[in-house]
Amino acid sequence: MMNICLDVRYTTRSGASTVIEAFLENLPEKIRGVSIDVVTHRDQQRNRPRVKVPFRNRLLEFQWSQTVLAQTLAERRYDIYHSLKHVGPIRCPIRSIYRVPAVGQFVGQYPQKMMDQIYWGRAAKHVYRKADALIAVSEYVRRGLIEYLNVPAKRVRTIHNGVDPRFRAIPQDKDDVNRLRRCGIDRSFLLCVANVLPVKNLITAVKAFQRLADDGLQLVIAGNDLTAEADRIRKLTDTLGISERVLFLGRQNPEQLLMLYNRAQMLLHPSFHEGLSSTLLEAMACGLPIVAANTTSIPETTKDAAVYHDATDVDQLVFEIQRVLGDQDLQRRMSGNGIARAADFSWQKCVEQTLKLYGELGTS
């Protein structure tokens, strides 16, 4: 029997928590030849045997990982420690696997406070280099780990995240118009789904939208807008005279996002950096045409379900938006390509490939 300690801690409801929950939901309760215990916070209820973390303080959690968790891994004779998010023991007494969702924190794509610089630049970098295996969520992330962290290629495995099956193409509902109006949407709209941060480059989308000069369109932004970048973009919309047609919806639950993906004209995704974007997977699964930046993992993810622009080229983005809006055949092709492409991203496949990796490490 192989004994796995699976670290599934998360501190806030975010993209990481969604990934962790989806992985656990698709992890069979009983797996032949494998026993899995989980590391959780006390308020994360799990059916599996678990190691409970007593803190929700980042510094105390890290210290706990280096002492109590390291000792627990050795005493309980686990074979593999696998973390889906947190940095575990720097001196891990057993074999270790880390899921790596991005490499932007190592190449300067994200602004970081001093604590982040220490966490990623020292602790995470060290454990990734020493780990027995790394799971990269995309080939882009895999290449980054090999190039920027000098991790041997044989220790990095690409295993994609899945897409939530709730996201799918749905027929128009007679109540959709009223539901959209209650959100403030009263005409055709272009959609951005992202937390409003500089790395998401939504300012380029706003500038392009202003140049469309089409009063029959709205630009809808769904994601955390309680940020300094959102304040900056709101000021820009005032300056450009389009504030009445740019709508900030804030965070949306999956049911609300499902409606938005199915009723938008297209998704604009001008992000500077993506490890593997769940937004792109969800939009493709709903058959929504995508205009995206040709950066990092984005072309790898969407392939022919999207058309592309240089991330900072506003004129090129305007051209691609107009091209898609004016060509219904292109829209239909992109929609079909997206649905077919999204089918390649399955949580069941992700879990199966991860279990296969456990077996390979356990017998090597």
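Residues numbered from 1 in each chain as written. Predicted model: local features only at pLDDT ≥ 70, side-chain atom pairs only at ≥ 80, totals over all residues. Heavy atoms only, no water.

Caption draft 1: Representation of empty space enclosed by the protein within the structure. Enumeration according to the criterion identifies 1 cavity of 30 Å³ or more in this entry. One number sums up the size of the largest cavity: a volume of about 80 Å³. In this structure, the largest cavity is lined by V19, F23, H82, L84, R99, I135, V137, I159, N161, W347, C350 and T354. When residues of the lining of the largest cavity are traced back to their parent elements, those giving at least two are α1 (15–25) and α13 (347–363). Ranked by residue count, the leading element in the lining of the largest cavity is α13, at 3 residues. (1 Å grid on protein atoms, 1.4 Å probe; cavity = no way out; pocket = protein on both sides within 12 Å on 5 of 7 lines; lining within 4 Å. Points joined across faces, edges and corners; volume = space filled by probe spheres on them. Helix = DSSP H or I, 4+ residues; strand = E, 2+ residues; numbered from the N terminus.)

Caption draft 2: Region of interest: the packing of aromatic side chains. With the rule as written, the count across this model stands at 7 aromatic pairs. Note on F62 and Y119: the rings are 6.4 Å apart at their centroids and 65 degrees apart in plane angle, and the pair reads as edge-to-face. Of this pair, F62 sits in helix α2 (residues 58–75) while Y119 sits in helix α3 (residues 114–130), placing them 57 residues apart in sequence. A relative accessible area of 12% means that Y119 is categorised as buried. (Phe/Tyr/Trp six-rings, centres within 6.5 Å; stacked < 30°, edge-to-face > 60°. Buried < 20%, exposed > 50% of the residue type's maximum accessible area, 1.4 Å probe, protein only.)

Caption draft 3: Structural detail: the environment of L330. By the element assignment, L330 lies in helix α12 (residues 328–342). With relative accessibility at 8%, the residue L330 sits in the buried group. Leaving out residues up to four positions away in the same chain, L330 has contacts with R323 and V324. (Contact = heavy atoms within 4.5 Å.)

Caption draft 4: Fine view of the sheet that holds strand β12 (residues 290–293). Taking strand neighbours across the sheet as the criterion, the 6 strands line up as β10-β9-β8-β11-β12-β13 in an open arrangement whose pairing is parallel. Edge positions in the sheet fall to β10 (246–250) and β13 (306–309), since each has one partner strand and no second. Taken over all neighbouring pairs, the strand axes of this sheet differ in orientation by 25 degrees on average, direction set aside. Direction of pairing for strand β9 (residues 217–222) relative to β10: parallel, over a ladder of 4 bridges. Across the sheet, the residue bridging to V220 is L247, located in β10. (Pairing = 2+ DSSP bridges. Axes fitted to C-alpha atoms, helices over the stretch in contact; angles between N-to-C directions.)

Caption draft 5: The arrangement of the pattern of salt bridges in detail. What the rule picks out here adds up to 16 salt bridges. In this structure, D164 and R166 form a salt bridge, with 2.7 Å as the shortest nitrogen-oxygen distance. (Salt bridge = Lys/Arg side-chain N within 4 Å of Asp/Glu carboxyl O.)

Caption draft 6: Fine view of the nonpolar core. Counting 64 residues, the largest nonpolar core has Y128, L134, L145, L191, L260, Y261 and L267 as the members making the most contacts within it. With 6 residues, α3 is the single largest residue contributor to this core. In contact with L260, not counting residues within four places along its chain, are L180, I185, F189, L191, A222, L249 and Q252. Core analysis: the second largest hydrophobic core is formed by 30 residues, V196, V206, I233 and V318 among them. (Core = buried A, V, L, I, M, F, W, Y, C linked by side-chain atoms within 4.5 Å.)

Caption draft 7: Layout of the packing of helix α6 (residues 202–212) against helix α11 (residues 314–325). Remark: α6 packs on α11, axes separated minimally by 9 Å, with the N-to-C direction vectors making an angle of 60 degrees. Relative to α11, the element α6 is oriented oblique. The chirality of how α6 crosses α11 is right-handed. Facing T204, A205, K207, A208, R211 and L212 of α6, the residues of α11 in contact are V314, D315, L317, V318, I321 and Q322. Residues that form the contact of α6 with α11 fall into these classes: 7 nonpolar, 2 polar and 3 charged. (Parallel < 35°, antiparallel > 145°, perpendicular 65-115°, else oblique. Left-handed = near helix turned anticlockwise from the far one by under 90°. Nonpolar A, V, L, I, M, F, W, Y, C, P; charged D, E, K, R; others polar.)

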